[in-house]
Amino acid sequence: MCTYLTEKVAISGSAKGASAWFRVTEGSVYFDHPVHAPYGHTLNIDFLAPEQGPSARVAIELTAESARALMKAIEAVLESAPPGLE
Amino acid sequence: MSDAIIAESITITGHGLDTIEAYSTRPLAPEQPAGGVVVIHHMPGYDAGTKEIARTFAVHGYNAVVPNLYWREAPGASPDDAAAAARAAGGVPDDRLVGDVAGAAAYLKALPTSNGKVATIGYCSGGRQSFLAAVSLPLDAAVDCYGAFVVGTPPEGMPLKVGPIVDKTPDLSCPLLGLFGADDQYPSPEQVAELEAALKAAGKTYEFYSYEGAGHAFFSVNRPAYRPEAATDGWQKIFAFFGKYLS
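Nothing here was measured: the structure is a model prediction, and the numbers come from that model.

(A) Inspection of the confidence of the model for chain B at higher detail. Of the residues in chain B, 96% have a pLDDT of 70 or more, and the chain-wide mean is 94. Model confidence for the complex is summarised by a pTM of 0.91, with the ipTM given as 0.82.

(B) Layout of the sheet that holds strand β3 (residues 42–48) of chain A. All names here are of chain A. Strand order in the open sheet made by the four strands is β1-β2-β3-β4, with antiparallel pairing throughout. A strand with exactly one partner marks an edge of an open sheet, and here the two such strands are β1 (7–16) and β4 (57–62). Here the average twist between neighbouring strands, direction ignored, is 25°. Relative to β3, strand β2 (residues 21–32) runs antiparallel, the two sharing seven bridges. Bridge pairing links G27 to F47 in β3.

(C) Region of interest: the nonpolar core. Residues and elements named next belong to chain B. Of all hydrophobic cores here, the largest spans 86 residues; its most connected members are V38, A119 and A142. Among the elements that line this core, the one with the most residues is helix α3 (residues 94–110), at seven residues. Here A142 is in contact with A119, T120, S130, F131, A133, A134, C174 and L176, once residues within four sequence places are set aside.

(D) Structural detail: the environment of A54 of chain B. With respect to the helices, strands and loops of the structure, A54 of chain B is situated in helix α1 (residues 48–59). With residues near it in sequence (within four places) discarded, A54 of chain B still touches Y23, T25, V39, A64 and V66 of chain B.

Rules of the game
- Residues numbered from 1 in each chain as written.
- Chains lettered and ligands numbered in written order.
- Predicted model: local features only at pLDDT ≥ 70, side-chain atom pairs only at ≥ 80, totals over all residues.
- pLDDT = per-residue confidence, 0-100.
- Pairing = 2+ DSSP bridges.
- Helix = DSSP H or I, 4+ residues; strand = E, 2+ residues; numbered from the N terminus.
- Axes fitted to C-alpha atoms, helices over the stretch in contact; angles between N-to-C directions.
- Core = buried A, V, L, I, M, F, W, Y, C linked by C-beta atoms within 7 Å.
- Buried ≥ 20, exposed ≤ 12 C-beta atoms within 10 Å, placed from the backbone.
- Contact = placed C-beta atoms within 7 Å.

What follows is the structure in structure tokens.
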């Protein structure tokens, strides 16, 4: 399925790209054909800094199963973080 | 016939008189004037696979050009970064697509080796865009390779700037070749049948082929969706079609 089905989310943090770390301000989440992963469709996340141009991007392509596992892991870590650190 | 070709990045004048990047491939020493093919890239962008398709047309005696539809969002970026930027921006607007294809067609017709005929071929989102160009511009042939949303509305919540364009079928300016995977859901076999019914009702010239055991993107040699038998037969259908309408 070739779609532009995309959830965009404002984020604040940093990501390490091809050459250096940079501040990211936007995330794109979508389920579509991957560029590199050897699957028909994957859950893809782009960490973006649009003001720095299209190449300021860190991309991941995950199987649906591993994306769900990652979500659980993130939730678990955030839940177990000591209070007051967020 | 010589198989020597020239292949190079150029600029063309696209929609709104914008200068955009394009990839041009031509036979190096054509024996006779040649038809031109505007190759409309798939959603992953102006990539190596699409440029290889353009070179294949040149080897077979056609002039071809691939407009970089994401040039405005991402000039000079790698294809995957450009596709991500275009996605974040909501995709390619229909009117801009038509303008860019018109510019690409004008480039081909102006080549000294042109025979004056131009076709479009597009894959994936480009399949729909090939049909869109053919109902919007005077063309000599068009090929739609598994284009979704010619028929059917994108699912609720999609920020996709496209809608169904099957109602424009009476405006189709040229013969249409449609190549589809029977296992595809976008477009589904039912949607392909609906488009075929519209073509028949409008009295248009068309050829449709749906391949069993193939789904979306069966021409993509670097993806798991690649189906050699469907792709090989599809290429033969394309060259037979262009042999009939572009020569």
